[in-house]
Amino acid sequence: MTTADLIDKIVQVVLGIAVFIAVIGLIMFLVDRAPKKARDFVQLIAFLAPALILLAIGLIYPAARTTLLAFTNNAGQWIGLDNFVWMFTQPDALITLRNTLIWVVLVPVLSTVIGLAYAVFIDKSRGEKYFKALVFMPMAISFVGASIIWRFVYEFRQAGDPQIGLLNQVVTLFGGEPQRWLQEPPINTFLLIIVMIWIQTGFAMVVLSASIKGIPTEQIEAAQLDGTNAWQRFRNVTLPGIRGSLVVVITTISIATLKVFDIVRTMTAGNFETSVIANEMYTQAFRAGEPGRGSALAVVLFLMVLPIVIYNVRILRQQKEIR
Amino acid sequence: MTSTTPNAAMLRPQDAGADARVEDTAKAKRVKRRLTSRTATIASLIIAVLWTLPTFGLFVSSFRPRDQILENGWWTIFANPGFTLANYQEVLLSASASSPQLGAYFANSLSIAIPATVFPLVLAAMAAYAFAWVPFKGSSTLFIVIFALQIVPLQMALIPLLQMFTQFLQPAQEAVSDTLPFIPTSNFLQIWIAHTIFALPLAIFLLHNFIAEIPGEVIEAARVDGASHSQVFWRIIIPLALPALASFAIFQFLWVWNDLLVALIFSGGTEEAAPLTQRLAELTGSRGQEWQRLTAAAFVSLAIPLIVFFSLQRYFVRGLLAGSTKG
């Protein structure tokens, strides 16, 4: 990168923001000078219109169009349900669906269980803040960064050579053969899932920890006086107290997992039977020149997310009513 | 349906200090005690170590000389000591065609993320104000529609949006720059607009919940004194909503900084516009064995999120929890 390139980029950003501010400023200026009679209406339009127009042309129209595209082939002709038939009959596409199901079962359950256990273990302990930061840290970094971190853990060297990947080092330590982990189905899918669990556990832990702290101390103390042990207190006091948060955590992680793309893209690009719907959607639509199939996959993704979101919203409303 | 989620509650003023209050009362009672039991201590230590070790290993490796990274594990660092900054120098500064040249991509990531945070923030705050304080017919219906848009995965919008950009936006940009040659065609415009659109539903929803709780008397008093809506918005709403704006800004900035999918589709993939994540993904694909570069490159991209994480943890956690369903 030369200095000229850098200056060019700075100019673009400054210019972009300047134009944006100028447009907003102009809108505000004109609105205040609108004729008295229509002023309220003009002001309303001025505040709402920019966002609404962007959403209409950038989200609502495209989503409708994608739904239509799902019923066309790569020449744009109407082919009915063929794309969906392809998805549910071709071996490769079936593997993609199967993997997505494995992801969406394992990631939410394991992240939540580990996050909850950790939150309970470190609750009110010395250095709780630092314990939390360590596990929450993966939430801050990109999925791409996380993928590189874990590719390094899974790195392979010939048997006999010193291993540089942590996993193979552990395996050889116990006398096993080093493996090319990312190229071995079906274990590679599970190794990718570990990366997602590694990221999402922090989220589960922070939300559940806050929820645990919301349980009245009196309840815990009363249970203690009754002579219950730690496990009984957890089962009968803590768990019922955080049920709402548990559901929210599980559904939220499920939604994130269904949409997972970057991890698969960066670690295997969906090869070696590791593809998932979000990755396959990108591959079909933008690499293989099959926008119809890509759209069909996007529609299926939407249909899978939909019930979880509705359930999530319902639980949140119930919680609100209870409070 | 409007203000029901704990997600939104994270941004609300009265809840903002809840965490702190809990911590304070805990401190006041001096209930600091040892971990629940020995097993729990060991289990939490194991989890903490397992969660930190992969990052730590990559971090250590990024400072090791090339031959050592490739020939022995980072855990043997004491047997094979070595320290170098050459990896970072190479990935950031080297101009040779075969090196990652991350400097340019770092600039791109910033050039994408700053406007893609400012634009949706302002537009969403305006819309949120209108929904909260300008009564009009159909207000709540329209708000629910926008709330519902959050469930549309952005995958649903990608293909048509790209088609529209190439059909209308690109020719328009070229026409503008032909007639007014001092305006360059921006390589970032598409990706700014895409990120702005995808951010709006969540941003409007969260900011509305915050702005709606600003005391009505303040706004009415200003209106009675003859202040216009735009004056109320800039002089009263924006200053009062700063905590929520900050949380959302941090979340959105990191979301854009960490994004790969939107970048892959709308950046064009050249060093003129592609962000760090895209370059990293490309490097892992084509040079997946050159760990001396990958380790350092990964940490170049992680630096900003980690700085934000450790310096603004409170805002960061709040923003992140509030936006966790985005995408």
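Basis of the calculations
- Residues numbered from 1 in each chain as written.
- Chains lettered and ligands numbered in written order.
- Predicted model: local features only at pLDDT ≥ 70, side-chain atom pairs only at ≥ 80, totals over all residues.
- Helix = DSSP H or I, 4+ residues; strand = E, 2+ residues; numbered from the N terminus.
- Buried ≥ 20, exposed ≤ 12 C-beta atoms within 10 Å, placed from the backbone.
- Contact = placed C-beta atoms within 7 Å.
- Domains from an automatic or database assignment.
- Nonpolar A, V, L, I, M, F, W, Y, C, P; charged D, E, K, R; others polar.
- Expected span 1.5 Å × (residues − 1).
- Bend = angle between axes of the 7 residues up to and from the residue.
- Core = buried A, V, L, I, M, F, W, Y, C linked by C-beta atoms within 7 Å.
- Axes fitted to C-alpha atoms, helices over the stretch in contact; angles between N-to-C directions.
- Parallel < 35°, antiparallel > 145°, perpendicular 65-115°, else oblique.
- Left-handed = near helix turned anticlockwise from the far one by under 90°.

## Topic: the overall build of chain B
In step 1: Summing up its helical and strand segments, chain B has 17 helices and 0 strands in all.
In step 2: Of all 327 residues assigned to chain B, the portion counted as buried reaches 49%.
In step 3: Once local pairs closer than 6 in sequence are excluded, the contacts in chain B between residues at least 24 apart make up 74%.

## Details of the domain arrangement of chain A
As a measure of interface size, the accessible area lost when the parts come together is often cited.
In step 1: If you check the domain split of chain A, you get domain 1 (3–69) and domain 2 (82–322).
In step 2: The C-alpha-based centres of domain 1 of chain A and domain 2 of chain A are spaced at 37 Å.

## What to know about the interface of chain A and chain B
In step 1: Opposite the 93 residues of chain A that make contact, chain B presents 94 residues.
In step 2: A per-element tally of the side of chain A that touches chain B places helix α2 (residues 39–69) of chain A first, with 16 residues.
In step 3: Each residue belonging to the side of chain A that touches chain B can be placed in one class, and the counts come to 66 nonpolar, 14 polar and 13 charged.

## A short note on the domain arrangement of chain B
All names here are of chain B.
In step 1: Per the domain assignment, the segments of chain B are domain 1 (35–84) and domain 2 (102–322).
In step 2: Put simply, the middle of domain 1 and the middle of domain 2, counted by C-alpha atoms, are 35 Å apart.
In step 3: Contributing elements (two or more residues each) for the side of domain 1 that touches domain 2: α4 (38–62) and α5 (66–71).
In step 4: Sorting elements by how many residues they give to the side of domain 1 that touches domain 2 places α4 first, with 4 residues.
In step 5: Taken together, the residues that form the side of domain 1 that touches domain 2 break down as 4 nonpolar, 2 polar and 1 charged.

## Points about helix α9 (residues 155–179) of chain B
The α-helix advances 3.6 residues per turn, and as a result positions three or four apart in sequence lie on the same side.
All names here are of chain B.
In step 1: Helix length check: α9, at 25 residues, gives a terminal C-alpha distance of 35 Å against a target of 36 Å (1.5 Å per residue), a fit within 8%.
In step 2: The axis of α9 is deflected most strongly, by about 40°, at phenylalanine 165.
In step 3: Taken residue by residue, α9 has Gln155, Met156, Ala157, Leu158, Ile159, Pro160, Leu161 and Phe165 as its buried positions.

## Points about the nonpolar core
In step 1: Ala124, Ala127, Tyr129 and Leu207 of chain B are the most contacted members of the largest nonpolar core, which has 174 residues in total.
In step 2: When residues of this core are assigned to their parent elements, the largest contribution, 21 residues, is made by helix α7 (residues 102–133) of chain B.
In step 3: Ignoring anything within four residues of it in the chain, the contact list for alanine 127 of chain B reads Phe47, Leu48 and Ala51 of chain A together with Ile204 of chain B.

## Some words on the packing of helix α6 (residues 143–153) of chain A against helix α15 (residues 276–286) of chain B
A pair of packed helices can be characterised by two numbers: the angle between their axes and the separation between those axes.
In step 1: Remark: α6 of chain A packs on α15 of chain B, axes separated minimally by 9 Å, with the N-to-C direction vectors making an angle of 25°. In this view, α6 of chain A runs roughly parallel relative to α15 of chain B, as classed from their interaxial angle. Between α6 of chain A and α15 of chain B the crossing geometry is left-handed. For the pair α6 of chain A and α15 of chain B, the contacting residues are Val144, Ile148 and Arg151 of chain A in the first and Thr277, Leu280, Ala281 and Thr284 of chain B in the second.
In step 2: Among the residues forming the contact of α6 of chain A with α15 of chain B, the class breakdown is 4 nonpolar, 2 polar and 1 charged.

## Focus: unusual backbone geometry
Among all residues except glycine, the phi angle is most often negative; among peptide bonds, the trans geometry is most common.
All names here are of chain A.
In step 1: Proline 186 follows proline 185 through a cis peptide bond whose omega is 0°.
In step 2: Residues other than glycine seldom take positive phi values, yet lysine 124 does so here, at roughly 60°.
In step 3: Note on placement: lysine 124 falls in the loop between α4 (91–122) and α5 (128–136).
In step 4: By C-beta crowding, lysine 124 is classed as partly exposed, having 15 other C-beta atoms within 10 Å.

## Re the environment of phenylalanine 253 of chain B
Residues and elements named next belong to chain B.
In step 1: Its location among the elements puts phenylalanine 253 in helix α13 (residues 242–258).
In step 2: On the neighbour-count criterion, phenylalanine 253 (21 C-beta atoms within 10 Å) is buried.
In step 3: Here the alpha-carbon distance between phenylalanine 253 and alanine 116, two residues 137 residues apart in the chain, equals 7.5 Å.
In step 4: Not counting chain neighbours up to four residues away, the residues in contact with phenylalanine 253 comprise Ala113 and Thr117.

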